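Examination of the molecular architecture
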Amino acid sequence: TVACTEIPIQPLETTPLFAFLKMELQFKDQAESISQINEAFSQIDQVTQQNTAYAEETASAAEELSSQSMELHAMLKQFRV
């Protein structure tokens, strides 16, 4: 029989399997973080596109108001008070 003192006992933290499992968990955490970052960028992109559309609509409305204002001004110039 072999005495217990002759069997080398390795702490779990130093085994290759433990190191592999620890790395796997770290990779999963990183993948989840990257996924969350990608989702955030996707949402930012959507909001940016919406803001661009709103800005174009606002510019168009401002042009229309300016045109109507000039027409009204021309009409009012015909009247004398």
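Residues numbered from 1 in each chain as written. Predicted model: local features only at pLDDT ≥ 70, side-chain atom pairs only at ≥ 80, totals over all residues. Heavy atoms only, no water.

With that settled, consider the overall build of the protein. Along the backbone of the protein there are 1 helix and 0 strands. Approximately 7,900 Å² of the protein is accessible, and the part contributed by carbon and sulfur atoms is 61%. (Helix = DSSP H or I, 4+ residues; strand = E, 2+ residues; numbered from the N terminus. Areas by Shrake-Rupley, 256 points an atom, 1.4 Å probe, with all protein chains shown as cover.)

A word on a nonpolar patch on the surface. Together, Leu-17, Phe-20 and Leu-21 make up an exposed nonpolar region whose accessible area comes to about 310 Å². Examined against the element boundaries, Leu-17 turns out to sit in helix H1 (residues 16-76). (Patch = residues over 30% accessible without salt bridge, like charges linked within 9 Å, V, L, I, M, F, W, Y side chains within 5 Å. Salt bridge = Lys/Arg side-chain N within 4 Å of Asp/Glu carboxyl O.)

The next thing to look at is the pattern of salt bridges. Per the counting criterion, the structure on display carries 1 salt bridge. A salt bridge links Glu-24 to Lys-28; its shortest N-O distance comes to 3.9 Å. Here Glu-24 pairs with Lys-28, and both are found in helix H1, just 4 residues apart, close to one helical turn.

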